[in-house]
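# Results of the structural survey
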Amino acid sequence: MYKHTGSRGSGAPGWVLQRITGLLLVIVVIGHYFVMHADPASGHTYAAVLERMHHPLWKMFDLTFITVGLWHGLNGTWGIFRDYKMKPAVSLTIYGVIILSGIAFWVLGVNTILSF
Amino acid sequence: MKVTLRIQRYNPERDSEPYYQEFIVEAGDEKERILDLLHQVKWKFDGTLTFRRSCAHGVCGSDGIRINGRNRLACSTLLRDVNYRKPIVIEPLPSIPIIKDLIVDMSDFYRKYEAVKPYMVNNSPPPEHERYQSNDDAEKLFESAKCILCACCTTSCPSSWSDDNYIGPAALLKAYRFVFDTRDEAADERLDAVDTPDGIWRCHTIFNCVEACPKEINLTWHISQLKKRLTEREM
Amino acid sequence: MIKHQYDVVIIGAGGAGLRAALEIPEGFSCAVLSKVFPTRSHTGAAQGGIGAALGNEEEDSWEWHMFDTVKGSDYLGDQEATEIMAKDAIRAIIELEHMGMPFSRTPEGKIAQRRFGGHTRPEKPDDPDSKRVAVRRSCYSADRTGHVMLHTLYENCIKQKVHFFSEFFVTDLIMSGKSCAGVVAMDVATSEVHVFHAKAVMLATGGYGRVFRITSNAHVGTGDGFSFVYNNGLPLQDMEFVQFHPTGLWKLGILISEAARGEGGILLNNKGERFMERYAPTVKDLAPRDMVSRAIITEIREGRGFKGSDGTFYVHLDVSHLPKEVLNDKLPEITGFARTYLGVEPTREPIPVQPTAHYAMGGIPTTVDAEVTRDKKNTKVPGLYAAGEAACVSVHGANRLGTNSLLDLIVFGRRGGKAIAKFIKGAEFALLPEDAADRTLERIDHLMNSKGKEKVGPLRTELQERMMEKVGVFRNKKDLTEMTSEIKSLRERYREVSIDDKGKIFNTDLVEAIELGNLIDTAEPIIYGALVREESRGAHSREDFPKRDDKKWLKHTLVYKTDGKPKVDYKPVSITRFQPKERKY
């Protein structure tokens, strides 16, 4: 019927994934809160951060956090843009910016986490 | 009792843009229908006032209009349902093209309705008797089959406002009506028709459609059932 | 002016028109013209059900159905046609189900059926003369049977890619000699006049309820088809038989289905008496509609009605004793109407009801294959067909039973469609007269330029009020004679009608003005039919002739338009299985 930017497949996986990542984020955010903010004294020393970042489980935690967070946030942002009718050039640009910034932030984040 | 109607007027042969005109009409009591008052204007004061109507009791779906900012049927809205001490604002359904006064162009709405294959498909040879169906299965369809295609829901939906390609709640409801009919065999084709970038995923469960529906159909629930069915199918 | 050529043109997209359209075979062009979008048609307002002797809930037979229909018609229904309808009903309902119509179901998953006025079976099935009791014959889908049927038929038309012209208002038939050659229509969106040249035309234009003040009919029920036929020198049959449905919502006339009584609702007068026990001791509240309407008016006349704030009277329909599930699951729509429009809570309070003009038993005379006939010898009008409420086959005779109207639509709509399919294979297009659209163009031109003092609204109200007063449930010579001169003067005043809207886009002012002309055209044969028929039969009740008179009046009336007084002729009734008997319930 109309031409669209973005995935041509079913919208169902994206829809479900948005909900699953949302749920995961709630859990991860709670974890993040307890580690970083609940006890201001514990998490904020250089040594404590360094120690955590060396621990493989914490690496997994951070990798999940950044992947899930980025995907959820950017997919949501694209969803908001997608609700509006746009000229193909505009939507392609926005889509491109979202994809590229997603990749860039993910590479930056993963690189940071793995460098410890 | 005197009531003021503030009606949005637009005659494409004369006006460059819509404007409002006030009429003071006489209402017998607060059980009078808004449609009766519109008729009073047309038949007594100004024959040029143009609107659709037919059955006048909420079963044909002709007279969906916007009354004090809410999409409703003129024939199912009584004076007591609105604040009639202030001028009652009457406008055409929002977000679709106005043809004249309260008449809007419904062709896009009907096109989307047709896009979901709104008819039963069953290619197996029919038995001599009826196709059996349990009453529970039949009643699952009744709420969706109540739809009168008045377009109150679709034109109240923010997703429709921002993207007029969005298929809209009315067409999705019609898809439900057949996808969940145990006698139907074309559920997949219909699911394909709604599983598009402008399809069902543009529904963000805003519930405006439910609030607008004059037949009290819980559209969002029906759309959710379709989403569930789609995720089951795809994953 | 735009010209089209179609093998078939169907006017009206209600049950009959849509069902007929489904019969037009591939390879032939078919256009369906409707003055509203198809699903806005009045078929959708039917509530209670559609009759067929399926026997899903208890033993039943088409012969009993036929007998009830003949008896209900007060023996004026043509039995040949009635037999066809009662027999075909079973196939027709199964077919609707196969088309996808959602029905309420029995525990075994069959189509559910319920009781309805006038539908009976012998108490002892093997003794046809035993006392008759109410039978479950009405197939239903809650109380939205007409709505789901209309939608199912429209859906099947989409599937079959039927070509619709929505919001095309037909204004005239095109006659070519003795044949029909097409129709003239106005595209409401642009006021452009279109000529449709066709081999076959079907009138499925519905009824004329809007001739009366209190009616259950939609605003579009303006008798257009009757007017086309009448103005082209063809007769209208049995027009005096107007069904007043006993239970219209007080003041508004909105239909409260007989299903309310079928499920156990009862009528009460101001003394709290269940008065139908006196008028129809066996079936009581489930007596046929004409009898219940008369009973209500009689109660009101004898001082046992309730006086409403508008000065009119009503009685009570009580459903408050029914279980809540019955009201919510089986009668949701009508309980909703009572709540919405009158603020009455049917689970606790009785619903105020009064008789409301509901159905035209009479209409355009046709054969059992929906072919329009022009005289008492049933001479056919080549190329012209009619079905549904617009037609008079006649299966409903002097009074229609509930559930038989939806049935009539699909049985005779289909037969008409089949007859047309056969006809167009052999027929050529009749010659299209040069002046085909002239009458319509003149009419539009006159209304658009008229500076007369009359206005559509007040004139129509006057017609409706006079008809309600003088040609209502009870009639007499004095009122009817007065009405003949009233209608003459209304017709003269109609010439002086002017409209406010002089535009071309959606000029509904113009449409309503033309419709008013159709209403006046339709009222005339109703009045004349009622005046000449000096007896009481079915829905036609003459105070000055309170008895049925089979010797003189077991015949159909045919009314023709002339320049002066309409001409009346008569046609025999087909009687095959059931000899006329006194009609008692």
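### Things to note about the pattern of salt bridges
Where side chains of opposite charge bring their charged atoms close, a pairing between them can arise. Inspection of every chain in the model, using the stated rule, returns 80 salt bridges over all chains. Notably, a salt bridge pairs B:Lys174 with C:Glu155, separated by 3.4 Å at the nearest N-O pair. Of this pair, B:Lys174 sits in helix H5 (residues 169-179) while C:Glu155 is found in helix H4 (residues 145-159), placing the two residues in two different chains. C:Glu155 shares its class with B:Lys174; the two are buried. One salt bridge connects C:Glu482 with C:Lys478, and the closest N-O pair in it is separated by 3.5 Å. Of the two residues, C:Glu482 and C:Lys478 both sit in helix H14 (residues 477-494), four residues apart, roughly one turn of that helix. Overall, the relative accessible area of 58% leaves C:Lys478 in the exposed class. One salt-bridge network, in which partners are shared between bridges, spans C:Asp74, C:Asp238, C:Glu240, C:Asp290, C:Arg294, C:Arg533, C:Glu535, C:Arg537, C:Arg548, C:Asp550 and C:Arg583.

### A short note on the pairing of strand S1 (residues 2-9) of chain B
All names here are of chain B. Across the eight residues of S1, six count as buried, placing the element largely inside the fold. Pairing geometry for S1 and strand S2 (residues 19-26), over eight bridges, is antiparallel. Along S2, the bridge assignment pairs Arg 9 with Tyr 19. Where S1 and strand S5 (residues 88-91) come together, three bridges link them in parallel fashion. Pairing of Arg 6 across the sheet is with Val 89, part of S5.

### Some words on the interface of chain B and chain C
In this complex, chain B contributes 66 residues to the contact, which on the side of chain C involves 58 residues. Between chain B and chain C, the buried area comes to about 5100 Å², and carbon and sulfur atoms account for 52% of it. At the junction of chain B with chain C, the criterion picks out seven salt bridges. Viewed at the interface, chain C and chain B are joined by 39 residue pairs in polar contact (both at pLDDT 80 or more). Of all the elements in the fold, those that place two or more residues in the side of chain B that touches chain C are helix H1 (34-45), strand S6 (98-100), helix H2 (107-115), helix H3 (135-145) and H5 of chain B. Residue contributions to the side of chain B that touches chain C peak at five residues, all from H1(B). Tallied by class, residues from the side of chain B that touches chain C come to 32 nonpolar, 14 polar and 20 charged.

### As for the side chain of C:Arg542
All names here are of chain C. Note that Arg 542 resides in strand S21 (residues 541-542). In terms of polar contacts, Arg 542 uses its side chain to reach the backbone carbonyl oxygen of Ala 530, at 2.8 Å. With sequence-adjacent residues up to four places away left out, Arg 542 is seen in contact with Arg 475, Asn 476, Lys 477, Leu 480, Ala 530, Leu 531, Arg 533, Glu 534, Glu 535 and Ser 536.

Each value, and the rule that gives it
Residues numbered from 1 in each chain as written. Chains lettered and ligands numbered in written order. Predicted model: local features only at pLDDT ≥ 70, side-chain atom pairs only at ≥ 80, totals over all residues. Heavy atoms only, no water. Salt bridge = Lys/Arg side-chain N within 4 Å of Asp/Glu carboxyl O. Helix = DSSP H or I, 4+ residues; strand = E, 2+ residues; numbered from the N terminus. Buried < 20%, exposed > 50% of the residue type's maximum accessible area, 1.4 Å probe, protein only. Pairing = 2+ DSSP bridges. Contact = heavy atoms within 4.5 Å. Buried area = accessible area lost by both parts, 1.4 Å probe. Polar contact = N/O pair within 3.5 Å; in protein donor to acceptor, adjacent residues only side chain to side chain. Nonpolar A, V, L, I, M, F, W, Y, C, P; charged D, E, K, R; others polar.

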